Amino acid sequence: MLNVYIANSRTKVSFMSDKKQIQAFATLLHGLSVQFANVTAEHVALHDTLSKPEALAVAFIGVEGPVRMGALADHLGVVQSAVTPLVDRLEASGLVERVRSTADRRVWHVRLTKTGQQAYRDHQKLYAMLAERMLAPLSSIERDLLISLLTRITE
């Protein structure tokens with residue numbers, strides 16, 4: 001293993017075999033998923049009436065804006081018939097509302113209400129807090145590098 005140090009940093013970059021890189025990345029992904037699960041749990045604690053799929057639906061609609069039921073089902077990885085009761089619960093709790101499409105009156109969209117928009121903003125604040133915690137030990141250069149690399153992976 002070859003170690004390289006980034007200038008003006010305590011960070012050690014190691015050149016590992018492909019197999020070790022994959023194992024190390026898998027371990028990091030697991031750690032990140034635990035941290036994301038904690039953020040989701042904090043969000044659910046703030047809005048204790050939301051299940052995880054409901055919180056994911058609110059987050060998706062918050063990002064995308066009004067969506068068709070089919071798009072929501074696709075995003076959640078469920079059949080459309082499973083989304084209907086989920087949207088019913090969110091509607092009953094005042095977080096979403098169904099609205100007819102202006103382009104095609106046969107089509108219904110789901111959008112956040114004012115209360116749902118606030119729940120989405122609260123969720124975003126928790127993710128910002130997590131990002132701040134995770135980035136705190138990194139220098140500005142390391143943050144830029146991390147963001148650049150993760151952007152390449154997610155594109």
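Residues numbered from 1 in each chain as written. Predicted model: local features only at pLDDT ≥ 70, side-chain atom pairs only at ≥ 80, totals over all residues. Heavy atoms only, no water.

*Asks:* Which residues make up the overall build of the protein chain, and what values go with them?
*Replies:* Of regular secondary structure, the protein chain possesses six helices and five strands. The secondary structure elements of the protein chain, listed N-terminal to C-terminal, are β-β-α-α-β-α-α-β-β-α-α. The proportion of buried residues among the 155 residues of the protein chain is 25%. Residue pairs at least 24 apart in sequence account for 43% of intrachain contacts in the protein chain once pairs closer than 6 positions are excluded. Summed over all atoms, the accessible surface of the protein chain reaches about 10,600 Å², with 59% contributed by carbon and sulfur. (Helix = DSSP H or I, 4+ residues; strand = E, 2+ residues; numbered from the N terminus. Buried < 20%, exposed > 50% of the residue type's maximum accessible area, 1.4 Å probe, protein only. Contact = heavy atoms within 4.5 Å. Areas by Shrake-Rupley, 256 points an atom, 1.4 Å probe, with all protein chains shown as cover.)

*Asks:* Provide a residue-level description of the pairing of strand E5 (residues 108-112), including the pertinent values.
*Replies:* Here two bridges tie strand E3 (residues 67-68) to E5, and the two strands are oriented antiparallel to one another. The partner of Val67 across the bridge, within E5, is Val110. (Pairing = 2+ DSSP bridges.)

*Asks:* How would you explain the pattern of salt bridges if you had to name every residue and give the values?
*Replies:* Applying the stated criterion to the full structure yields five salt bridges. Between Arg89 and Glu54 there is a salt bridge whose closest N-O contact spans 2.6 Å. Of this pair, Arg89 sits in helix H4 (residues 80-92) while Glu54 sits in helix H2 (residues 52-64), and the two are 35 residues apart along the sequence. Residue classification places Arg89 among the partly exposed positions, given a relative accessible area of 43%. On the basis of relative accessible area, Glu54 is assigned to the buried category, the value being 5%. Across the pair Arg98 and Asp88 runs a salt bridge, and its minimum N-O distance is 2.8 Å. Taken together, the positions of Arg98 in strand E4 (residues 96-100) and Asp88 in helix H4 put the pair ten residues apart, joining distant regions of the chain. Judged by its relative accessible area of 36%, Asp88 falls in the partly exposed class. Look at the salt bridges and you will find they share partners, linking Asp88, Glu91 and Arg98 into a network. (Salt bridge = Lys/Arg side-chain N within 4 Å of Asp/Glu carboxyl O.)

*Asks:* Quick one: what's the story with the confidence of the model for the protein chain, residue by residue and with numbers?
*Replies:* Averaged over all residues, the pLDDT of the protein chain is 83; the fraction at 70 or higher stands at 84%. Segment residues 1-5 is flagged for pLDDT under 50; beyond a separation of four residues in sequence, or across chains, it makes 16 contacts in the model. (pLDDT = per-residue confidence, 0-100.)

*Asks:* Give me the lowdown on a nonpolar patch on the surface, citing residues and values where you can.
*Replies:* Among the surface-exposed residues, Phe25, Leu28, Leu29, Leu146, Leu150 and Ile153 lie close enough to one another that they form a single nonpolar patch of about 550 Å² accessible area. Counting only elements with at least two residues in the nonpolar patch, the list comes to helix H1 (18-46) and helix H6 (140-154). (Patch = residues over 30% accessible without salt bridge, like charges linked within 9 Å, V, L, I, M, F, W, Y side chains within 5 Å.)

*Asks:* Mind laying out the nonpolar core, listing which residues take part and the relevant values?
*Replies:* Formed by 20 residues in total, the largest nonpolar core has its most connected members in Val58, Ile61, Leu72, Val87, Leu90, Leu95 and Val96. Counting residues per element, the ones that place at least two in this core are H2, helix H3 (69-76), H4, E5 and helix H5 (114-135). No other element matches H2, which puts five residues into this core. (Core = buried A, V, L, I, M, F, W, Y, C linked by side-chain atoms within 4.5 Å.)

*Asks:* Give a description of the packing of H2 against H3 that names residues and reports values.
*Replies:* One can describe the packing of H2 onto H3 by two numbers: an axis separation of 10 Å at closest approach and a directional angle of 120 degrees. What the angle tells us is that H2 and H3 run oblique. Taken as a pair, H2 and H3 cross one another with a handedness that is right-handed. Taken together, the residues of H3 that come into contact with H2 (itself represented by Pro53, Leu56, Ala57, Phe60 and Ile61) are Ala71, Leu72, His75 and Leu76. Taken together, the residues that form the contact of H2 with H3 break down as eight nonpolar, one polar and no charged. (Axes fitted to C-alpha atoms, helices over the stretch in contact; angles between N-to-C directions. Parallel < 35°, antiparallel > 145°, perpendicular 65-115°, else oblique. Left-handed = near helix turned anticlockwise from the far one by under 90°. Nonpolar A, V, L, I, M, F, W, Y, C, P; charged D, E, K, R; others polar.)

*Asks:* Summarise the environment of Ile61; cite the residues concerned and give the values.
*Replies:* With respect to the element layout, Ile61 can be found in helix H2. In this structure the C-alpha to C-alpha distance between Ile61 and Leu112, which are 51 residues apart in sequence, comes to 6.8 Å. In contact with Ile61, not counting residues within four places along its chain, are Val67, Leu72, Val96, Val110, Arg111 and Leu112.

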